[in-house]
Amino acid sequence: WQHGTGPTGLTHAYGLDVAEEDGWHWGLTAERGDLSDPKAGDFRRTALSGSMGITRKSLNWSSALEFRDESGAATRQTWLTRNSFGTSLSPDWRLITKLAYSWSRSGGGAYYGGEFTEAVAGFAYRPLTNDRLNALFKYTYFRDLASPGQLTVTSATPDYKQRSHVLSADATYDVTPPLSVGGKYAFRLAQVQVGRTGASPWLSSDAHLGILRVDWHVVKHWDLVTEGRHLRIVQAQDSRTGALLGVYRHLGKNFKLGLGYNFTDFSDELTDLSYTAHGWFLNILAKF
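Conventions used here
- Residues numbered from 1 in each chain as written.
- Predicted model: local features only at pLDDT ≥ 70, side-chain atom pairs only at ≥ 80, totals over all residues.
- Heavy atoms only, no water.
- Salt bridge = Lys/Arg side-chain N within 4 Å of Asp/Glu carboxyl O.
- Buried < 20%, exposed > 50% of the residue type's maximum accessible area, 1.4 Å probe, protein only.
- Helix = DSSP H or I, 4+ residues; strand = E, 2+ residues; numbered from the N terminus.
- Polar contact = N/O pair within 3.5 Å; in protein donor to acceptor, adjacent residues only side chain to side chain.
- Contact = heavy atoms within 4.5 Å.

Participant: An account of the pattern of salt bridges is needed here, citing residue identities and associated values.
Facilitator: Taken as a whole, this structure holds eleven salt bridges when the rule is applied. We note a salt bridge from Glu66 to Arg68, for which the minimum N-O separation is 2.8 Å. The residue Arg229 makes a salt bridge to Glu227 at a minimum N-O spacing of 2.9 Å. The residues Arg229 and Glu227 share a single accessibility class, namely buried. A network of salt bridges, in which partner residues are shared, links Asp170, Arg213 and Asp215.

Pasting the structure below:
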């Protein structure tokens, strides 16, 4: 049970989490609060969510479902679900899947709605007889209509829809204990629709991405990472090339913290169409 006040209002939250000895876990939460937003005005939010899953040596599964109701100067109902599943197919191969979906509707009309879908299926490869090699093959379906409440970096209302299919292959090989080389290739089959009401036609925006990467384990806890990147947009007949540099610090056996600079303006995630990735970045990596 939680109770708190802050600059945005008063909230009450109640939760229950249970973890069984055989790996099963589940939880329930409820939240109710009166919030103040300088743009949307005062409103009351009620949220309910439930989750369950299982964690074992060769199997991981979790699912969560949440409902939010907001009423006040404007009304909004939102459904969200998050799901993940992973299992070992053999000593060398592992299946990983993920599904995230959100649906939001506002009393102000269809223009203020939002929708998000991300479905991922992939295979991770790490052969027992050659632990110097790691590879990941992945398919992603991505569909997004950001609500007007989510502003872009220029504080403008998102005014386009996206639906994309992305295939990618990523591999890393340890040449020597301190030196690793790797690469990534990804292809995006995408369509973009200008406007939020569905009146405009869908326009193609296919792309190819290639990355070459070198990791150098400089000293005991420090790594230096450098990447060469090339992006080609098919329909626009546009190409962009650049580099990325980063320094990573190991935090124990399972985490790395990195700081770097991206000299390009595009992301290595092809579902990102914003071209705002240029500049400094902070990255946290975990492995289990």
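Okay, back to it.
Participant: Provide a residue-level description of the side chain of Glu227, including the pertinent values.
Facilitator: Considering the arrangement of structural elements, one finds Glu227 in strand E14 (residues 222–233). For Glu227, a relative accessible area of 10% puts it in the buried group. Within polar-contact distance, the side chain of Glu227 engages the side chain of Arg229 at 2.9 Å. If we skip the residues at most four places from it in the chain, Glu227 touches Ile211, Leu212, Arg213, Gly242, Ala243 and Leu244.

Participant: Kindly report on the side chain of Thr87, identifying the contributing residues and their values.
Facilitator: Relative to the helices and strands, Thr87 is located in strand E6 (residues 76–88). Judged by relative accessible area, Thr87 falls into the buried class, the value being 17%. Looking at Thr87, its side chain comes within polar contact range of the main-chain oxygen of Ser58, at 3.1 Å. When near neighbours in sequence (up to four residues on either side) are disregarded, Thr87 contacts Ser58, Leu59, Arg94 and Leu95.

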